[in-house]
Amino acid sequence: FALGGEMRHEARAVELDHDANAFDYGFLLGNTDAVADRDVFAGYLEVVVPFYDGIEVQAAARLENYDDVGTVGNPTVGLLLTPSAIAGSENVADGFKRLTLRGHAASAFRAPALFQTFPGSATQPLQITYRGVPNFAPVRYWGNPDLDPESAVVVSGGLSWNPVRPLSFEIDYWNYYFKDAIVPESSAEIARTGRSAVQ
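Overview of the structure. (Residues numbered from 1 in each chain as written. Predicted model: local features only at pLDDT ≥ 70, side-chain atom pairs only at ≥ 80, totals over all residues. Heavy atoms only, no water.)

### Here's the deal with a negative patch on the surface
Phase 1: Taken together, the side chains of E15, D17, D19, D24 and D33 present a region of like negative charge at the surface.
Phase 2: Relative to the helices and strands, D17 is located in the loop between β1 (2-14) and α1 (18-21).
Phase 3: According to the relative accessible area criterion, D17 is partly exposed, its value standing at 38%. (Patch = residues over 30% accessible without salt bridge, like charges linked within 9 Å, V, L, I, M, F, W, Y side chains within 5 Å. Areas by Shrake-Rupley, 256 points an atom, 1.4 Å probe, with all protein chains shown as cover. Salt bridge = Lys/Arg side-chain N within 4 Å of Asp/Glu carboxyl O. Lys, Arg positive; Asp, Glu negative; His and termini not counted. Charge placed at Lys NZ, Arg CZ, Asp CG, Glu CD. Helix = DSSP H or I, 4+ residues; strand = E, 2+ residues; numbered from the N terminus. Buried < 20%, exposed > 50% of the residue type's maximum accessible area, 1.4 Å probe, protein only.)

### Observations concerning a nonpolar patch on the surface
Phase 1: A contiguous nonpolar patch, built from V49, F51, Y52 and I86 and spanning about 420 Å² of accessible area, is present on the exposed surface.
Phase 2: When residues in the nonpolar patch are grouped by element, the largest group, three residues, is from strand β2 (residues 34-52).
Phase 3: Here V49 shows up in strand β2.
Phase 4: V49 gets classed as partly exposed once you look at its relative accessible area, which sits at 38%.

### Considerations on the packing of aromatic side chains
The geometry of an aromatic ring pair is captured by the separation of the ring centres together with the interplanar angle, meaning the angle of the planes.
Phase 1: Inspection of every chain in the model, using the stated rule, returns three aromatic pairs.
Phase 2: Judged by centre distance (6.2 Å) and plane angle (10°), the rings of Y176 and F178 are stacked.
Phase 3: The residue whose ring lies beneath R12 is F118, and the NZ or CZ to ring-centre distance is 4.2 Å. (Phe/Tyr/Trp six-rings, centres within 6.5 Å; stacked < 30°, edge-to-face > 60°. Lys NZ or Arg CZ within 6 Å of the ring centre and 35° of its normal.)

### Looking at the pairing of strand β6 (residues 121-130)
Look at any regular strand and the pattern is simple: side chains alternate between the two faces of the sheet.
Phase 1: Pairing between β6 and strand β7 (residues 133-142): ten bridges, direction antiparallel. Its bridge partner lying in β7, L126 is registered against A137.
Phase 2: Joining the antiparallel neighbours β6 and β7 is a turn of two residues, in which R131 adopts a positive phi near 55°. (Pairing = 2+ DSSP bridges.)

### What to know about the sheet that holds strand β4 (residues 70-81)
Phase 1: Strand order in the open sheet made by the seven strands is β1-β2-β3-β4-β5-β8-β9, with antiparallel pairing throughout. Of all the strands in the sheet, the pair left with one neighbour each is β1 and β9 (167-179). Neighbouring strand axes in the sheet, compared pairwise and without regard to direction, differ in orientation by 10° on average.
Phase 2: Here β1 pairs with β2 via 13 bridges, running antiparallel. Each residue of the ladder has a partner; that of H9, found in β2, is D39. (Axes fitted to C-alpha atoms, helices over the stretch in contact; angles between N-to-C directions.)

### Structural notes on the pattern of salt bridges
Phase 1: Following the criterion strictly, the structure yields nine salt bridges and no others.
Phase 2: For R62, the salt bridge goes to E64, with nearest N and O atoms at 3.4 Å.
Phase 3: Taking the relative accessible area as the measure of exposure, E64 reaches 8% and is therefore buried.
Phase 4: One salt bridge in this structure joins R102 and D172, with 2.6 Å as the shortest N-O distance. With R102 in strand β5 (residues 99-110) and D172 in strand β9, this pair connects stretches of sequence that are 70 residues apart.
Phase 5: Of the residues examined, R102 reaches a relative accessible area of 28% and is grouped as partly exposed.
Phase 6: Several salt bridges share partner residues, and in doing so they unite E6, R8, E10, R38, R62, E64 and D68 into one network.

This is the structure in structure tokens:
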């Protein structure tokens, strides 16, 4: 059994001179002043139960509260099976006594970083190829304060088999299903397709 908690304060601030705020830096344009912060509180627990001979159940949960995103909970459940222990080792061939099977399912959550939701802008010169011609252009980035958190459902399973020492086999399977994945757009791709950054 494990139990724990955490609290975290995150902050980001940008303060620049007058010329930068007025976008008077020629090719580099300028940037804006901005401040952002958040407080995060979280608690978690985990339990491992030897449910029966050869059957081990793992369960965990995490609850987080972001003052800018909200509250979210994420459970996890897992199962570890040792077939030889379930059947009784005398009923199992020696080569299969060291076989274990495992399965796991969990939900996951990731809040956008302050950099990704920051209300200010930043300018960076990048090489952009537009219609086959390479150019340098000042690219302005903005954070998105309305960015949704990223979530996922993760399912995994596998087996471990050690038939003869030191020979062992491992087979694993993972499946990740993401929702609202946080992926930055490519400024070169925006320029290539002629789209505005607002789109």
